[in-house]
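# Chain and residue survey
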Amino acid sequence: MAILVIAEHDNASLKPATLNAVTAAAKLGGEIHVLVAGSACAAAAEAAAKVAGVAKVRVADAAHYADQSAENLAALVIANATGYSHIVAPATTGGKNFLPRVAALLDVAQISDIVAVEAADTFVRPIYAGNVLATVQSADAVKVITVRTTAFEAAGEGGSAAIEALAAAADSGQSKLTGREMTKSARPELTAAKIIVSGGRGLGNGENYKSLLEPLADKLNAALGASRAAVDAGFVPNDYQVGQTGKIVAPQLYIAIGISGAIQHLAGMKDSKVIVAINKDPEAPIFQVADYGLVGDLFETVPALVAALG
Amino acid sequence: MKILVPVKRVVDYNVKVRVKADGTGVDIANVKMSMNPFDEIAIEEAVRLKEAGVATEVLAVSAGVAGCQETLRTAMAIGADRGILIETDAELQPLAVAKLLKALCDKEQPQAVICGKQAIDDDANQTGQMLAALLGWPQATFASKVVLADGKATVTREVDGGLETLEIALPAVITTDLRLNEPRYATLPNIMKAKKKPLDTVTPDALGVDVAPRLKTLKVAEPAKRSAGVKVADVADLVAKLKNEAKVI
Ligand SMILES: Cc1cc2nc3c(=O)[nH]c(=O)nc-3n(C[C@H](O)[C@H](O)[C@H](O)COP(=O)(O)OP(=O)(O)OC[C@H]3O[C@@H](n4cnc5c(N)ncnc54)[C@H](O)[C@@H]3O)c2cc1C
Ligand SMILES: Nc1ncnc2c1ncn2[C@@H]1O[C@H](COP(=O)(O)O)[C@@H](O)[C@H]1O
C-alpha cells in the first residue's frame, strides 16, 4: 500500500509544512506519493518531485484548484484515494479545512494533529490544549491524518520522483473566493522561524508592539508572534496568534514579552527549545516554562536588550 | 431561515485536567463543565442574526450525556429558541457527531449550521467539515465575519497567512473562530426564561446512527514537563546566557 500526502503550495513552490508531512509519512512504511492540486502549478510539482523519499508526484492542474477550496480538494482526493493506506496533510489551516471532508466521505475517522507515529495504525496526539498526550489506534481501512509540523523534521532534497498528470474532478461550484488579505512581511514565517519574538497584552497597544518588538526581531532575524489578547486588541493581525487555537511553533528560541502564559498560549509554544520570558509580574505562569526569566518592565528591558545585542 | 447550532459540553477552559493514575483516561469527575467557548460564539452569532431579522429560529443541539441539558439551557439563555439533546452515554467521536447532526439536519432542514471550529477537549477540529461533506454542503471554516443574504453566506476566514473571504451557497456549514464576536453574558431573566423553552431528547438509535468509535485510545499520559529555568539578574546576564549557555544567538 502507498501513502498519499497532500501538498500545500502556492503553485510556484511548496510550503515548508509539506516537508514535515512527508517526514511523518515516511514513518508509516510504504511508498510516498504527493498530490499537488493547483492552477499552473508545474513548478510546485517539480519541487515536490525533488523531495527526498517521494516516489511519485500526482498533479491535478485546473483553474478550479486555484483557490484550494475544501469542496474541490476533497472531491479530487476521494476520486484518487484507491490504493492508499494513509492520506496525510499538514495540520495547517489548509489541511484542517479540507481533510475532515475526505475522512467523512470515506466514512473513516480523522486522526488530527499527530505528534508521533507508534505504528502504521497507532499515533500520538495532543488533547486538552496539549496538557495530555493520547495514544490512539485506528481500526479504519484508510487512515486520514493531519500532522503537527513542529513534531517532525522537514524532509530534505535529493528525490527524483516521477510526475504524473491527474484528471481534474468536476468543479463543485459551491464556493467562491472573493477576497484575500495576506499579511505582508519580509520576516521569516512564524511556523518555520528559528527565533520568535512574541508580544502580549503587556505591550499596551499596536504602536508599542511595533516600536519595541520590531527592532528586537530585526536584530535576531526573528519572526513576530503574539498572544490572543494582543490579536483581539488589534495590535497585530490574526495570523500572528500562537496557541491552542492559533499557530503551533517550536523555534530554537521563543521570547515571550508581556505575555502571562495562559495554558492556551503555552499549548502553542512550550515545545520551543529555549524560552525566554520578560514580564513585570514575578508570579506570571510563563516563568514556569521559561528557561530564562527576566522580571522587569518591558518598556525598559526590551530597548536595553536591543542595545545589548549590539 | 432556521439556524442549527451544535454545542458541546466540555471541561471548562480554566481547568487544568489531570490524567488518571492508570493512564486510561482523563479525570473529569468533579471538574467544572461548560459550553465549548467556540460554540458560545456560534450561538451568539446565530442569535445576532435572529435579532437582525435574518434568521427566524435558532436551534441548539448537543450530543452526549444527560448533563448536556445544562449546556442547552445556557444556549437558550443566550437566545436559542429551543434545544435538542441527542442523549447517549457512549463515547462520541467527531465522525459520529457529524452523522448525528446530519440526521437532524435532514429532519429540521436548517439553512445554515454554525458550529465551533474546535472542541477544546479533543482539539479535533473536524465535526463541522465532516457534517458539510455528509450533507454535500459547502463550508466556511474559522470565520471571523459572517454575512447571510440572498441565499448565500459571505464569510471572512482566519487562515495561516491572513484573511480570506469566501462566498458560499446556502445551505452551508460555518465554523467559528475566536474573533467572530464576543458572546454576551446570560442575564438572570433570560436564564429563567430559558428553563421554559422546549428541550426535546432523541437517541442515536432513533436517528439510525451507529456511533461506535473508530479510534481506540490505548493510553493517555502527561507530556514531559519543562524543568523550571532560572531568573536572570538583568539584560546583560540574559544576553550572556543566551550566547554562552543556550548558544541560541
Ligand atoms: C477557547 C480559547 C482559546 C484560546 N486560544 C488562545 C491561543 O491560541 N493563544 C493565546 O495566546 N491565547 C489563547 N486564549 C486566551 C488565553 O486564555 C489568554 O487570555 C491569553 O493568552 C492572554 O494573553 P496575554 O498573556 O497577552 O495577556 P494577559 O494574560 O493579560 O497578560 C499580560 C501580561 O503582561 C504583563 N505586563 C503588563 N505590563 C507589563 C510591562 N510594562 N512590562 C512587563 N510585563 C508587563 C503582565 O504582568 C501580564 O502577565 C484562548 C482562550 C480561550 C477561552
Ligand atoms: N458532542 C457534541 N455535541 C454537539 N456539538 C458537538 C459535539 N462535538 C462536537 N460538536 C461541534 O463540533 C465542533 C467541533 O468539534 P471537534 O470536531 O470535536 O473539534 C464543536 O465546536 C461543536 O460545535
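Residues numbered from 1 in each chain as written. Chains lettered and ligands numbered in written order. Predicted model: local features only at pLDDT ≥ 70, side-chain atom pairs only at ≥ 80, totals over all residues. Heavy atoms only, no water.

## Considering the interface of chain B and chain A
Cut-off, in case you're wondering: What makes two residues a contact is simply this: any of their non-hydrogen atoms within 4.5 Å. Buried area counts how much accessible surface, traced with a 1.4 Å probe, disappears from two parts once they are put together, with both parts' losses summed. One speaks of a salt bridge when a side-chain nitrogen belonging to Lys or Arg is within 4 Å of a carboxyl oxygen belonging to Asp or Glu. Residues adjacent in sequence count toward polar contacts only when both atoms are side-chain atoms; beyond that, a polar contact is any pair of N or O atoms within 3.5 Å, and within protein one must be able to donate a hydrogen and the other to accept it. Every helix listed is a DSSP run of H or I at least four residues long, and every strand listed is a run of E at least two residues long, numbered separately from the N terminus. Classification used: nonpolar for Ala, Val, Leu, Ile, Met, Phe, Trp, Tyr, Cys and Pro, charged for Asp, Glu, Lys and Arg, polar for all others including Gly. A strand pair is defined by DSSP finding two or more bridges across the two strands.
Listed per partner, the contact involves 73 residues of chain B and 82 residues of chain A. Looking at the side of chain B facing chain A, the largest losses of area belong to D160, R214 and R226 of chain B, adding up to 12% of the total buried there. If you look at where chain B meets chain A, you find 7 salt bridges. A salt bridge links D140 of chain A to R214 of chain B; the nearest nitrogen and oxygen atoms lie 2.9 Å apart. Joining chain B to chain A, the criterion identifies 48 residue pairs in polar contact (both at pLDDT 80 or more). Every element with two or more residues in the side of chain B that touches chain A is listed here: α3 (94–108), α4 (127–135), β9 (139–149), β10 (152–159), β11 (162–169), β14 (215–221), β15 (230–231) and α6 (235–245) of chain B. Residues that form the side of chain B that touches chain A fall into these classes: 40 nonpolar, 12 polar and 21 charged. Where strand β8 (residues 132–138) of chain A lies against β14 of chain B, 6 bridges are found, and the strand directions are antiparallel. Each residue of the ladder has a partner; that of A134 of chain A, found in β14 of chain B, is V220 of chain B.

## As for the site of ligand 2
Residues and elements named next belong to chain B. This is how it is decided: Here a residue counts as near a molecule or strand whenever at least one of its heavy atoms sits within 4 Å of it.
In the vicinity of ligand 2 lie 18 residues, with D39, A63, A119, N125 and T127 positioned nearest. Contacts to ligand 2 include Q126, whose backbone N or O atom sits 2.9 Å from an oxygen atom. Between ligand 2 and the protein, one listed contact pairs an oxygen atom with a side-chain N or O atom of T127 at 2.7 Å. Elements supplying a minimum of two residues to the shell around ligand 2: β6 (57–64) and β8 (112–116). The leading source of residues in the shell around ligand 2 is β6, at 3 residues. Among the residues forming the shell around ligand 2, the class breakdown is 8 nonpolar, 7 polar and 3 charged.

The values are spatial; any link to function lies outside them.
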